[in-house]
Amino acid sequence: MKKIILTLMLALLPALAALAASPRYESERYFGEKYRSDPTTKVTVITNTGNYFRSIKVEGNPALVAEIKKAVENDRRHADNVTESYSQEKTSIILNLPGGVNMGFTQRKPGDCSLFLQGTPDAFK
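Reading the values: rules and limits
- Counting of residues starts from 1 at the beginning of each chain's written sequence and follows it residue by residue.
- It should be noted that, the model being predicted, local features are given only for residues of pLDDT at least 70 and side-chain atom pairs only at 80 or more, the latter also being counted only at that level, while totals for whole chains, interfaces and linings use all residues.
- Remark: hydrogens and water are excluded; side-chain values derive from all non-hydrogen atoms of the structure.
- Think of it this way: any DSSP run of H or I at least four residues long counts as a helix, any run of E at least two long counts as a strand, and we number them from the N terminus.
- Burial status follows relative accessibility: with a 1.4 Å probe on protein chains alone, a residue under 20% of its type maximum counts as buried, one over 50% as exposed, and anything between as partly exposed.
- Nitrogen and oxygen atoms within 3.5 Å of one another constitute a polar contact, given that in protein one can donate a hydrogen and the other can accept it, and given that sequence-neighbouring residues count only through two side-chain atoms.
- Only heavy atoms enter the contact rule, under which two residues are in contact if any of them lie within 4.5 Å.
- Note on terminology: a nonpolar core comprises buried Ala, Val, Leu, Ile, Met, Phe, Trp, Tyr and Cys residues joined through side-chain atoms within 4.5 Å.

(A) Main features of the environment of Lys57. In this fold, Lys57 is placed in strand β2 (residues 51-58). Assessed through its relative accessible area of 44%, Lys57 is described here as partly exposed. Separated by 13 residues in the primary sequence, Lys57 and Thr44 have C-alpha atoms spaced 8.6 Å apart. A distance of 3.5 Å separates the side chain of Lys57 from the side chain of Glu59, its partner in a polar contact.

This is how it looks when you write it as structure tokens:
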């Protein structure tokens with residue numbers, strides 16, 4: 001019985017550690033392989049010792065733009081500061097997130113947008 005309890009506890013420790021980790025942002029999913037091969041997107045990835053940068057540019061895909069905008073709005077709940085700018089030509093939302101992470105979303109047309117996520121590599125561990 002003690003072995004079973006000990007085994008269960010050891011199995012649950014990594015799961016508890018993952019729950020205690022920094023929040024993962026919904027918008028991070030748009031930098032993965034699925035979008036790297038999408039003909040309506042261009043994904044840029046820069047990783048070095050002091051900087052983690054991801055960006056995606058979408059052209060001619062209104063459904064994907066709406067999905068990304070919704071994810072940014074959901075990530076907004078984590079923001080320490082939000083800067084919004086609206087004009088006839090574009091909508092811009094900048095989120096300053098915990099740990100020095102910055103996220104920016106810009107939409108110029110219904111089917112076109114860009115999104116970036118930037119911070120120190122440690123902020124994403």
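After presenting the structure, the write-up continues.
(B) Just the side chain of Gln107, in detail. Checked against the element boundaries, Gln107 lands in strand β5 (residues 101-109). Here Gln107 falls in the buried class, since its relative accessible area comes to 15%. A distance of 3.2 Å separates a polar side-chain atom of Gln107 from the backbone oxygen of Lys109. When neighbours within four sequence positions are excluded, Gln107 is seen to be in contact with Val65, Lys69, Glu89, Lys90, Thr91, Asp112 and Cys113.

(C) Representation of the nonpolar core in the model. Ile56, Ile68, Val72, Met103 and Leu115 are the most contacted members of the largest nonpolar core, which has 25 residues in total. For this core, the secondary-structure elements that each account for two or more residues are β2, α3 (62-75), β4 (91-97), β5 and β6 (112-119). Counting residues per element, this core draws most heavily on α3, at 5 residues. Excluding residues that lie within four positions of it along the chain, Leu115 makes contacts with Ser27, Phe31, Arg54, Ser55, Ile56, Ile68, Val72, Met103, Gly104 and Phe105.

(D) Focus on the environment of Thr49. Checked against the element boundaries, Thr49 lands in the loop between β1 (41-48) and β2. Residue classification places Thr49 among the exposed positions, given a relative accessible area of 83%. For the pair Thr49 and Thr120, spaced 71 residues apart in the sequence, the C-alpha separation amounts to 8.2 Å.

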